[in-house]
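Listed below are the residues making up each chain.
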Amino acid sequence: MASFYPNLLLLLFLFLLVSPSLSQTSFRPRALVLPVTKDAATGQYVTTVNQRTPLVPVKLTVDVGGRFMWVDCDSGYVSSSYRAPRCRSAQCSLAKADACGDCFSGPRPGCNNNTCSLFPGNTVTQTSTSGEVTEDVISVSSTDGSNPGRAVSVPRFLFTCAPTFLLRGLASGVTGMAGLGRTRIALPSQFASAFSFRRKFAICLTSSGNSTRGVLFFGDGPYRFLPSIDAASSLTFTPLIVNPVSNAGVTSPGEASDEYFIGVKSIQVNGRTVPVNATLLAIGRDGKGGTKISTTEAYTKLESSIHEAVVSAFVSVAESMNITRVGSVAPFGACFSSKNIGSTRVGPAVPLVDLVLQSPDVYWRIFGANSMVQVSDDVSCLGFVDGGRNATTSIVIGGHQLEDNLLQFDLASSRLGFTSSLLFRQTTCDMKETY
């Protein structure tokens, strides 16, 4: 018996030394990071997380206003750590999932009895359905703001299962969507809760195809881009506004939107205010109007009267700069000969478009790299599209206008930080050399 206790202590020490699950619990990351690529075929922004037991890579289309992560559970979902919380459990309450039911073809992932459900939505095709609320392991990389660090796991990450048909219209290989919206079970809130950092995330989308990578940060900065530029140091801030009416596919009466709205007060082209109906820029009691940010719209959509006014102002200034207008190319309303357009550090030398925010000296400047779209060797078009006369949201800032701009969403303080084009600081969102 004299040698039993020393040997036991030695075995315990060795177990603690080599056990990844126990050693991981002592590490608290200050921030997390996910790579984001632009799918060349669809223009969608795609990230990859590691999920399940054993871990497998899961590709997801990024939806900045999405309410939660959803994944196709019908096609080959295999995991020993999958768990469907019981109806009226704490997890269902956190998810605000009041609908309960049974599944008579189960049990299997996505189909179990006495469980709660939500309504996952494909915001690319505007399709929604019912899906089981569930939880499983998710693993992502930590970061110091410059480089990826060790992987960390959330063992019971809440998400929603969805049937395979909901994937229609998403990029090839994608099996769900990563929702980054305001809810308590969206990725930013769950990561912040799991690792005790602020409910804050930043996104920087690359303008190129699959050969380059943008990035998603969860947690506070620094957010460093090559060559060691901390883009967080040049953020301008504006309040995030809550739309009191949700526009999600399936909602409850009185439910507020989980998307991110900002207060655009006016639009300027080369410093001149564009005449638009100011009431369209505000959010009405019915939830219509206002300005939101979207990663599932390829280009910024403007309500028809706003679109007409912006195009008219832009064309007028462009022609004064001897830029020749040519025939329109769908879906764009104004196109120009590339032969007459010069080049600058921030893209084509065209009129500047400013979204003026809470005061005249706070504005989101859209340079040529984000305002123009090269549709052929000889033709460039103004990258704003007509959103219709009865548009639910008057301005939807789309992916092309977000590229190579760092956006920081601070949910705790309800404010957005933005940089405008990082090209102005001689860097981009491309993180391929570090992440």
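A few points on the structure. Note that the structure is predicted; figures quoted are calculated from it, not measured.

### So, the pairing of strand β10 (residues 148-162)
Thinking step 1. Of the pairings in the sheet, the one linking strand β4 (residues 70-72) to β10 comprises 3 bridges and is parallel in character. Note that in β10 the partner of Trp70 across the bridge is Thr160.
Thinking step 2. With 9 bridges connecting them, strand β9 (residues 131-143) and β10 associate as antiparallel partners. Residue Val133 lies in a different strand from β10, and its bridge partner there is Thr160.
Thinking step 3. Between the end of β9 and the start of β10, which pair antiparallel, lie 4 residues, with Gly145 showing a positive phi angle near 95°.

### Focus on the packing of aromatic side chains
Thinking step 1. Counting across every chain of the model gives 15 aromatic pairs.
Thinking step 2. When the centroid spacing of 5.5 Å and the interplanar angle of 75° are considered together, the rings of Tyr77 and Tyr82 count as edge-to-face.
Thinking step 3. With a relative accessible area of 16%, Tyr82 lands in the buried category.
Thinking step 4. Taken together, the ring pairs in this structure connect Phe157, Phe191, Phe201, Phe218, Tyr260 and Phe409 into an aromatic cluster.

### Observations regarding helix α5 (residues 304-320)
Thinking step 1. Across its 17 residues, α5 extends 24 Å between first and last C-alpha, which sits within 8% of the 24 Å expected from 1.5 Å per residue.
Thinking step 2. Inspection of α5 places Ser304, Ile306, His307, Ala309, Val310, Val311, Ala313, Phe314, Val315, Val317 and Ala318 among the buried residues, and these make up the whole buried set.
Thinking step 3. Just beyond α5, the residue with positive phi is Asn322, at close to 65°.

### Focus: the environment of Phe314
Thinking step 1. Inspection of the secondary structure assignment puts Phe314 in helix α5.
Thinking step 2. Each C-alpha atom of the pair Phe314 and Pro351 lies 6.5 Å from the other, and the pair is 37 residues apart in sequence.
Thinking step 3. The residues contacting Phe314, other than those within four sequence positions of it, are Val269, Phe336, Val350, Pro351, Val353, Met372 and Leu382.

### Here's the deal with the side chain of Gln401
Thinking step 1. Assignment of secondary structure puts Gln401 in helix α7 (residues 399-402).
Thinking step 2. Within the structure, the side chain of Gln401 is placed 2.8 Å from the side chain of Thr300, a separation counted as a polar contact.
Thinking step 3. A distance of 2.7 Å separates a polar atom in the side chain of Gln401 from the backbone oxygen of Asn370.
Thinking step 4. Each residue touching Gln401, except ones within four places of it in the same chain, is listed here: Tyr299, Thr300, Trp364, Ile366, Asn370, Ser371, Gly383 and Phe384.

What counts, and at which threshold
Residues numbered from 1 in each chain as written. Predicted model: local features only at pLDDT ≥ 70, side-chain atom pairs only at ≥ 80, totals over all residues. Heavy atoms only, no water. Pairing = 2+ DSSP bridges. Helix = DSSP H or I, 4+ residues; strand = E, 2+ residues; numbered from the N terminus. Phe/Tyr/Trp six-rings, centres within 6.5 Å; stacked < 30°, edge-to-face > 60°. Buried < 20%, exposed > 50% of the residue type's maximum accessible area, 1.4 Å probe, protein only. Expected span 1.5 Å × (residues − 1). Contact = heavy atoms within 4.5 Å. Polar contact = N/O pair within 3.5 Å; in protein donor to acceptor, adjacent residues only side chain to side chain.

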